Amino acid sequence: MVNKTNIQTVPTTISIPKLRGDFKDRVIAPGDPDYDKARTVFYGGVDRHPAVIIKAADANDVSRVVSLARETGLELAIRSGGHSIGGHCVSEGGIVLDLSDMRALQIDVEGRTAWAETGLTAGEYTTAAGAYGLATGFGDTGSVGIGGLTLGGGVGYLVRKYGLTIDDLLAAEIVTADGQIRHVDEQTHPDLFWAIRGGGGNFGVATRFKFRLHEVPSVVGGMLILPATPDVVAGFIAEADAAPEELSGIANVMTAPPMPFLPEEVHGKLIIMAIMVYAGDSELGQRALAPFRALATPYADMLKPMGYPEIYQEEEGEYHPVAASLTMFVDQIDRSVAGTIVDRLQSSTASMAVAQLRVLGGAMARVPVDATAFAHRNSKIMVNIAALYEKPEEKATHEAWVADFASALLQSDQGAYVNFLGDEGEERIRAAYPGSTWGRLAAIKARYDPTNLFRLNQNIQPVGE
């Protein structure tokens, strides 16, 4: 066995004036007026100061930046939308390769495919494709970059109908650690194509994706807010599991914030804030949603026919939440488990505590476990626990609450979804790649990135025979 993880060039200094000459106006350095904004990521609590931020214009720029990192030994962070929970999209003292200017999108309406650069956000792509009544399933937040989202798998509002984002990935353009720009698909570099469908950013910088598009002219969806009692939570999960595959959704069990459309007496009470999408006929969609409305008298019912892009709600521009969080899978949520969820949420002292529940299955589950690096095809329900807080000194308290909550919910499925992992250590990363997946990924890593240049991620160390 060969482990080359620690084979790194001794870091050297870089010349900002030279980089400005090489990359024109696409270099941002400490002291520049836009430096602080450019280094800020979505999640709060991340305060890193890179030596330089380079905004790539195309794959050739990406190749040059990758080569710069390899030659200097400086840590390389890849940023698409800036939503890495672990803060991996910004480096302390290293190089940030910012892809946000790479937003070209070519849609082949007749062929039902699209080539998309990875600086695009899920919302931008979805809006452009929606103009033709077409869609590719991404996540649940419009401002997330499609680069990192896709490489980790992509679990969103079309997961039961059309599968994960990677299930619609037909090809990709990747810059590997040697600086080469490679086209990968099922026939060309099939090992690398397998690895990037769930293996995260370990294998190179994805610059373009070719996606399959589906006809989604309209959906029935939106927000449904119900009281969160153990019976209603358990009933919601049972109905979601029994629902047609056209229906996917997210149930956020949480304390009701003072939203203007909620009665004042509901503020502070435990609610289910569900975001739901039925991707099919409007009348059938209303029928599929009726059992959820019947679970209890809704506090708010905003379910209606709409264009699919409308499901991405507007976000607050300067919102940078700080949270303790953990992702996991469970096999079932019966009344007993639902009671645990309600009790634990009520015990939290966080400014907002949430248990996010997603029933999976459908198209996602019909893909063989070993077909991609996302190996959780048989997982039933994803649970994401979060405690949002404002004072740094409260961090340990809320992390302990999250850990205890997760322990109380633990069942036979001990996996984790890589896109929702924070900075949690190798054991948790291995939980994202169970069985033979980890070893296969480590061998492919050794083939394409033997010195672990791409290490600022949920890292898989290169190990080969």
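Everything numeric in this text was worked out from a predicted model, so none of it was measured. (Residues numbered from 1 in each chain as written. Predicted model: local features only at pLDDT ≥ 70, side-chain atom pairs only at ≥ 80, totals over all residues. Heavy atoms only, no water.)

**So, the overall build of the protein chain**
- Summing up its helical and strand segments, the protein chain has 13 helices and 21 strands in all.
- Against the compact-globule benchmark of 23 Å for 465 residues, the protein chain has a radius of gyration of 22 Å, which places it among compact chains.
- Principal axes of the C-alpha set define a box for the protein chain whose edges measure 65 × 55 × 45 Å.
- Looking at the protein chain residue by residue over its 465 residues, the buried ones come to 57%.
- As displayed, the protein chain offers around 19,000 Å² of accessible surface, 50% of which is attributable to carbon and sulfur atoms. (Helix = DSSP H or I, 4+ residues; strand = E, 2+ residues; numbered from the N terminus. Rg over C-alpha atoms; globule rule 2.2 N^0.38 Å. Buried < 20%, exposed > 50% of the residue type's maximum accessible area, 1.4 Å probe, protein only. Areas by Shrake-Rupley, 256 points an atom, 1.4 Å probe, with all protein chains shown as cover.)

**Focus on the sheet that holds strand S4 (residues 76-79)**
- On the basis of which strands lie adjacent, the open sheet formed by four strands has the order S2-S3-S5-S4 and mixed pairing. Whereas interior strands pair on both sides, the edge strands pair on one side only; in this sheet they are strand S2 (27-28) and S4.
- Lying on the sheet, helix H3 (residues 59-72) is in contact with strand S3 (52-55), S4 and strand S5 (95-98); it crosses S5 at an angle near 170°. (Pairing = 2+ DSSP bridges. Contact = heavy atoms within 4.5 Å. Axes fitted to C-alpha atoms, helices over the stretch in contact; angles between N-to-C directions.)

**Section: the pattern of salt bridges**
- Scanning the entire structure with this criterion turns up 25 salt bridges.
- Taking the shortest distance from any N to any O, the salt bridge between glutamate 245 and arginine 366 comes out at 2.8 Å. Here the residue glutamate 245 occupies a position in the loop between helix H8 (230-242) and strand S14 (247-255), and arginine 366 occupies one in the loop between strand S19 (352-359) and strand S20 (381-388), the gap between them amounting to 121 residues.
- Residue classification places arginine 366 among the exposed positions, given a relative accessible area of 54%. (Salt bridge = Lys/Arg side-chain N within 4 Å of Asp/Glu carboxyl O.)

**Here we look at the pairing of strand S13 (residues 219-227)**
- The buried count for S13 comes to nine of nine residues, which makes it a mostly enclosed element.
- Pairing of S13 with strand S17 (residues 304-306), which is carried by three bridges, proceeds in the antiparallel orientation. Counterpart to valine 219 in the pairing with S17 is methionine 306.
- When S13 meets strand S15 (residues 270-278), the two strands line up antiparallel, connected through eight bridges. Bridge pairing links proline 227 to isoleucine 271 in S15.
- One ladder, built from two bridges, connects S13 with strand S16 (residues 300-301); its direction is antiparallel. Along S16, the bridge assignment pairs leucine 224 with aspartate 301.

**So, helix H11 (residues 395-409)**
- Its 15 residues place the ends of H11 21 Å apart at the C-alpha level, agreeing with the 21 Å of an ideal helix rising 1.5 Å per residue.
- Burial in H11 covers these residues: His398, Trp401, Val402, Phe405, Ala406 and Leu409. Mapping the buried residues of H11 onto a view down its axis gives an arc of 130°, with all of them on the same face. Structural note: H11 exposes Ala396 and Ser407 on the side pointing more than 90 degrees away from its buried face.
- Buried residues in H11 make contact with strand S18 (323-330), helix H10 (335-347), S19 and S20. (Expected span 1.5 Å × (residues − 1). Arc of directions from axis to C-beta.)

**Let's talk about the side chain of aspartate 98**
- With respect to the helices, strands and loops of the structure, aspartate 98 is situated in strand S5.
- It turns out aspartate 98 is buried and unbridged, and the closest side chain with the opposite charge, arginine 79, is 4.3 Å from it.
- Dropping the residues within four chain positions of it, aspartate 98 is found in contact with Ile53, Ile54, Lys55, Ala56 and Arg79. (Lys, Arg positive; Asp, Glu negative; His and termini not counted.)

**A short note on the packing of H10 against H11**
- Direction vectors running N to C along H10 and H11 enclose 170°, while the axes themselves pass 10 Å from each other. Judged by the inter-axis angle, H10 sits roughly antiparallel to H11. Contact residues: Val337, Thr340, Ile341, Arg344, Leu345 and Ser347 in H10; Trp401, Asp404, Phe405, Ala408 and Leu409 in H11.
- Class assignment of the residues belonging to the contact of H10 with H11 gives a composition of seven nonpolar, two polar and two charged. (Parallel < 35°, antiparallel > 145°, perpendicular 65-115°, else oblique. Nonpolar A, V, L, I, M, F, W, Y, C, P; charged D, E, K, R; others polar.)

**A closer look at the nonpolar core**
- Ranked by internal contacts, the top residues of the largest apolar core, which has 64 residues, are Ile196 and Tyr308.
- Those residues in contact with tyrosine 308 that sit more than four places away from it in its chain are Thr126, Ala135, Tyr157, Leu158, Val216, Val219 and Val277.
- Within the second largest apolar cluster, 49 residues are counted, among which are Met276, Ile385, Ala406 and Leu409. (Core = buried A, V, L, I, M, F, W, Y, C linked by side-chain atoms within 4.5 Å.)

**So, empty space enclosed by the protein**
- Counted according to the given criterion, the structure contains three cavities of 30 Å³ or more.
- Empty space within the largest cavity amounts to approximately 90 Å³.
- Around the largest cavity sit 14 residues that line it, and Phe236, Ala240, Ser248, Gly249 and Val359 are the ones nearest its centre.
- Going through the elements one at a time, H8, S14 and S19 are the ones with two or more residues in the lining of the largest cavity.
- With five residues, the single largest contributor to the lining of the largest cavity is S14.
- Looking at the lining of the largest cavity residue by residue, the classes come out as 11 nonpolar, two polar and one charged. (1 Å grid on protein atoms, 1.4 Å probe; cavity = no way out; pocket = protein on both sides within 12 Å on 5 of 7 lines; lining within 4 Å. Points joined across faces, edges and corners; volume = space filled by probe spheres on them.)

**Notes on the side chain of aspartate 168**
- Looking at the secondary structure, you find aspartate 168 in the loop between helix H6 (159-162) and strand S9 (169-175).
- Sequence-distant contacts of aspartate 168, defined by excluding residues within four places in its chain, comprise Thr136, Tyr162, Lys210, Phe211, Arg212 and His214.

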